[in-house]
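What follows is the residue order along each chain.
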Amino acid sequence: MFKIGDIELKNPVVLAPMAGVCNAAFRLIVKEFGAALVCAEMVSDKGILYKNEKTLDMLYIDEREKPLSLQIFGGEIETLVEAAKFVEKNTTADIIDINMGCPVPKIIKSDAGAKWLLDPDKIYEVVAAVVDAVDKPVTVKMRMGWDDDHIYAVENAQAVERAGGKAVALHGRTRVQMYEGTANWDIIKQVKEAVNIPVIGNGDVKTPEDAKRMLEMTGCDGVMIGRAALGDPWMIYRTVHYLETGELMDPPTPKEKIEVCLLHADRLIQLKGEKLAIMEMRKHAAWYLKGLRGNAKVRNALNECETREELESLLREYIATLEAKSEQDIAVV
Ligand SMILES: Cc1cc2nc3c(=O)[nH]c(=O)nc-3n(C[C@H](O)[C@H](O)[C@H](O)COP(=O)(O)O)c2cc1C
């Protein structure tokens, strides 16, 4: 258990913020699978200030997901501060997180995301201004540096701490790396040793055993899981259980996967309406089916799927053929 400001987290497992993925529908599922903290997808400060309808919809929080961290990004101190104040006043988010890791060119061009990482003084200034403006705990999620020649993770995390930030989440890759190579966990250890606020390690935690190794190797307080949870909220549940008991639970059956995929779809439909939700579910459904036998055909069909009914029948037909195949296999044995 650890604390971010006065927010108590019941275990070390944190869902990473993921744009286009971490809305209330997915977050609630991950929460129900045991994550101590769920992070919302990044929200543009300007989108908030201009009251862009889509952006404001992204601020929706279901009380059952809490505690929740809401991430904002932007390129100027003034707009970030105003957006943080808006989030403080108009949402029940428990934590306000500032994105300093996004490597996407569109975000970098506006001076936001990973660009802050080149200048610890600037980070201090930004975080201090946001901390000053709100009562909720402020945290920062960052990459370890810009490129191999500009790795200021320790200085940057210290700047966050000095400015009153209440935790740092560190992805052990540089901006230039995007998602290439492997995440550097050693830098997570160095940052943990250099600050007194909680450090959440992130990058390449793909199995429950990876989570344990990261905690042990780096001494970090929490592990943040991103891609491994896509279509696999069981990863969260199995990790929490493994960390608590040392016991590795079986992965879900194909049928369980499909039931949760449909629950995810239903929650997304409530949130966004059927048309948008089903479009968005195409990628999720493919993730839920990842690793299952002979799924190429159904994955193609899912790409064209337009209604809840179609989604369900494609998934159920696939499962039926999968079960028939297993029975044949058993008969052959
Ligand atoms: C689809 C996707 C969207 C992401 N969106 C965000 C985001 O909105 N904010 C952020 O700080 N990081 C974002 N990230 C980065 C993740 O939070 C995380 O740092 C990264 O995926 C490494 O962790 P992993 O190896 O567990 O996936 C995103 C990653 C993915 C794959």
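Computed from a predicted structure; not experimentally measured. (Residues numbered from 1 in each chain as written. Predicted model: local features only at pLDDT ≥ 70, side-chain atom pairs only at ≥ 80, totals over all residues. Heavy atoms only, no water.)

I'd like a rundown of the site of the ligand, residues and numbers included.
In the vicinity of the ligand lie 16 residues, with Ala19, Gln71, Asn202, Asp204 and Arg227 positioned nearest. Taking alanine 19, its main chain carries an N or O atom lying 2.7 Å from a nitrogen atom of the ligand. Taking lysine 141, its side chain carries an N or O atom lying 2.9 Å from an oxygen atom of the ligand. Notes on the ligand: free accessible area 610 Å², of which the protein chains cover 87%. For the shell around the ligand, the class distribution of residues is 7 nonpolar, 6 polar and 3 charged. (Near = heavy atom within 4 Å. Polar contact = N/O pair within 3.5 Å; in protein donor to acceptor, adjacent residues only side chain to side chain. Areas by Shrake-Rupley, 256 points an atom, 1.4 Å probe, with all protein chains shown as cover. Nonpolar A, V, L, I, M, F, W, Y, C, P; charged D, E, K, R; others polar.)

Just give me the short version of the domain arrangement of the protein chain, but keep the residues and values in it.
Domains assigned within the protein chain are domain 1 (2-245) and domain 2 (254-332). Here the C-alpha centre of domain 2 lies 30 Å away from the C-alpha centre of domain 1. Across the domain 1/domain 2 interface, buried area totals approximately 1200 Å², and carbon plus sulfur atoms make up 69% of it. At the surface where domain 1 touches domain 2, the tally comes to 1 salt bridge. Between arginine 267 and glutamate 32 there is a salt bridge, with the nearest N and O atoms lying 3.0 Å from each other. Run the count over domain 1 and domain 2 and you get 3 residue pairs in polar contact (both at pLDDT 80 or more). (Domains from an automatic or database assignment. Buried area = accessible area lost by both parts, 1.4 Å probe. Salt bridge = Lys/Arg side-chain N within 4 Å of Asp/Glu carboxyl O.)

Give a description of the nonpolar core that names residues and reports values.
Soluble globular proteins: nonpolar side chains tend toward being buried together. Counting 95 residues, the largest nonpolar core has Leu70, Ile72, Ile98, Met100, Met142 and Leu311 as its most contacted members. Here this core gets 7 residues from one element, more than from any other, and that element is helix α4 (residues 77-90). When residues are assigned to domains, this core turns out to be shared by domain 1 (2-245) and domain 2 (254-332), each giving three or more. Dropping the residues within four chain positions of it, leucine 70 is found in contact with Ala40, Val43, Leu59, Ile61, Val87, Ala93, Ile95, Ile96 and Asp97. Judged by nonpolar contacts, the second largest core, of 14 residues, contains Ile4, Ala16, Leu37 and Ile200. (Core = buried A, V, L, I, M, F, W, Y, C linked by side-chain atoms within 4.5 Å. Buried < 20%, exposed > 50% of the residue type's maximum accessible area, 1.4 Å probe, protein only. Helix = DSSP H or I, 4+ residues; strand = E, 2+ residues; numbered from the N terminus. Contact = heavy atoms within 4.5 Å.)

Now, about the side chain of lysine 31: what can you tell me, with residues and values included?
Counting through the fold element by element, lysine 31 comes out in helix α1 (residues 24-32). Within the buried core, lysine 31 has no salt-bridge partner, and the shortest N-O distance to an opposite charge, that of aspartate 94, equals 7.6 Å. Separated by 3.1 Å, the side chain of lysine 31 and the backbone oxygen of lysine 66 make a polar contact. With residues near it in sequence (within four places) discarded, lysine 31 still touches Ala36, Val38, Arg64, Glu65, Lys66 and Pro67. (Lys, Arg positive; Asp, Glu negative; His and termini not counted.)

Mind laying out the side chain of threonine 174, listing which residues take part and the relevant values?
As for its position among the elements, threonine 174 is in strand β9 (residues 167-174). Excluding residues within four positions of it along the chain, threonine 174 makes contact with Arg143, Met144, Gly145, Trp146, Asp147, Asp148 and Ile151.

I'd like a description of the pattern of salt bridges, backed by residues and values.
Tallied over the entire structure, the rule returns 18 salt bridges. Linking glutamate 76 and lysine 46 is a salt bridge whose minimum nitrogen-to-oxygen distance equals 3.4 Å. Taken together, the positions of glutamate 76 in the loop between β6 (68-73) and α4 and lysine 46 in helix α2 (residues 45-49) put the pair 30 residues apart, joining distant regions of the chain. Judged by its relative accessible area of 30%, lysine 46 falls in the partly exposed class. A salt bridge links aspartate 94 to lysine 66; the shortest N-O distance between them is 3.0 Å.

Quick rundown of the pairing of strand β8 (residues 138-145)? Include the residues and the values.
Burial runs high along β8: 8 of the 8 residues are buried. Two strands pair when backbone bridges link them, and strand β7 (residues 95-100) and β8 are joined in this way by 5 bridges, in the parallel orientation. If you follow asparagine 99 over to β8, its bridge partner there is lysine 141. Pairing of β8 with β9 involves 6 bridges; the strand directions are parallel. Looking across to β9, one finds that arginine 143 is bridged to histidine 171. For the crossover from β8 across helix α7 (residues 153-162) to β9, the handedness is right-handed. (Pairing = 2+ DSSP bridges. Right-handed = clockwise from strand over helix to strand, strands pointing away.)

Summarise the packing of aromatic side chains; cite the residues concerned and give the values.
Taken as a whole and assessed by the stated rule, the structure comprises 3 aromatic pairs. Arranged with centres 6.0 Å apart and planes meeting at 85°, the rings of phenylalanine 33 and tyrosine 237 form a pair that is edge-to-face. One end of the pair, phenylalanine 33, is in the loop between α1 and β4 (37-39); the other, tyrosine 237, is in helix α10 (residues 234-245), and 204 residues separate them in sequence. Residue phenylalanine 33 is classed as buried on the basis of its relative accessible area of 15%. Three or more aromatic residues link up through ring pairs in this structure, and these residues are Phe33, Trp234, Tyr237 and Tyr288. Its end group placed over the ring of tyrosine 179, arginine 143 keeps NZ or CZ at 5.1 Å from the ring centre. (Phe/Tyr/Trp six-rings, centres within 6.5 Å; stacked < 30°, edge-to-face > 60°. Lys NZ or Arg CZ within 6 Å of the ring centre and 35° of its normal.)

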